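Listed below, chain by chain, are the residues.
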Amino acid sequence: MVVAHIARGWHINAHRPAQSYLIPSEVRFVLPPGVDVEAVRYPAPQRKAMTFAGGEELLVHTGDVAMSTTLLLPPTFAPDRVRVETGFRYQACNDTTCLPP
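Residues numbered from 1 in each chain as written. Predicted model: local features only at pLDDT ≥ 70, side-chain atom pairs only at ≥ 80, totals over all residues. Heavy atoms only, no water.

Enquirer: Could you clarify how one ought to interpret the nonpolar core in this entry?
Expert: The nonpolar side chains of a soluble globular protein tend to be buried with one another. Counting residues in each nonpolar core, the largest one holds 8 residues, listed as V2, A4, I6, I12, V27, V40, V65 and M67. Elements supplying a minimum of two residues to this core: β1 (2-5) and β7 (64-67). Not counting chain neighbours up to four residues away, the residues in contact with V27 comprise V2, V40, Y42, M67, G87 and F88. (Core = buried A, V, L, I, M, F, W, Y, C linked by side-chain atoms within 4.5 Å. Buried < 20%, exposed > 50% of the residue type's maximum accessible area, 1.4 Å probe, protein only. Helix = DSSP H or I, 4+ residues; strand = E, 2+ residues; numbered from the N terminus. Contact = heavy atoms within 4.5 Å.)

Structural data, given as structure tokens:
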């Protein structure tokens, strides 16, 4: 599970934002050979109107956002531990501006 803690007054875009010009939030993985991952489960976004978007409703997340997935190990996988590197790409915005991704 990956949890994003978003500061009060800020939001991040949904994984599938309503507008194509917005940067989607996305969890990424670096996995050992033979290990795979199911699609990440993102929570349902909130609809919020933002000043910088001309009052248009955006699909966003605020507060603490938990995203999860399942690792798929082949039956022949020998190690008892799996090193998984994760990254999280997002763009934080408030009601008037957005920071670089």
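Enquirer: Honestly, the packing of aromatic side chains in this entry has me stumped. Any pointers?
Expert: Note on aromatic pairs: each is described by the distance of the centres and the angle between the planes. By the definition in use, this model includes 1 aromatic pair. Arranged with centres 5.3 Å apart and planes meeting at 25 degrees, the rings of F88 and Y90 form a pair that is stacked. Residue classification places F88 among the partly exposed positions, given a relative accessible area of 25%. A relative accessible area of 38% means that Y90 is categorised as partly exposed. (Phe/Tyr/Trp six-rings, centres within 6.5 Å; stacked < 30°, edge-to-face > 60°.)

Enquirer: Hey, could you run me through the pairing of β7 in this one?
Expert: When a strand is regular, its side chains alternate between the sheet's two faces. Of the two faces of β7, only the one carrying V65 and M67 is buried; D64 and A66 on the other face are not. Both β1 and β7 contribute to a ladder of 4 bridges, which runs antiparallel. Residue V2 lies in a different strand from β7, and its bridge partner there is M67. (Pairing = 2+ DSSP bridges.)

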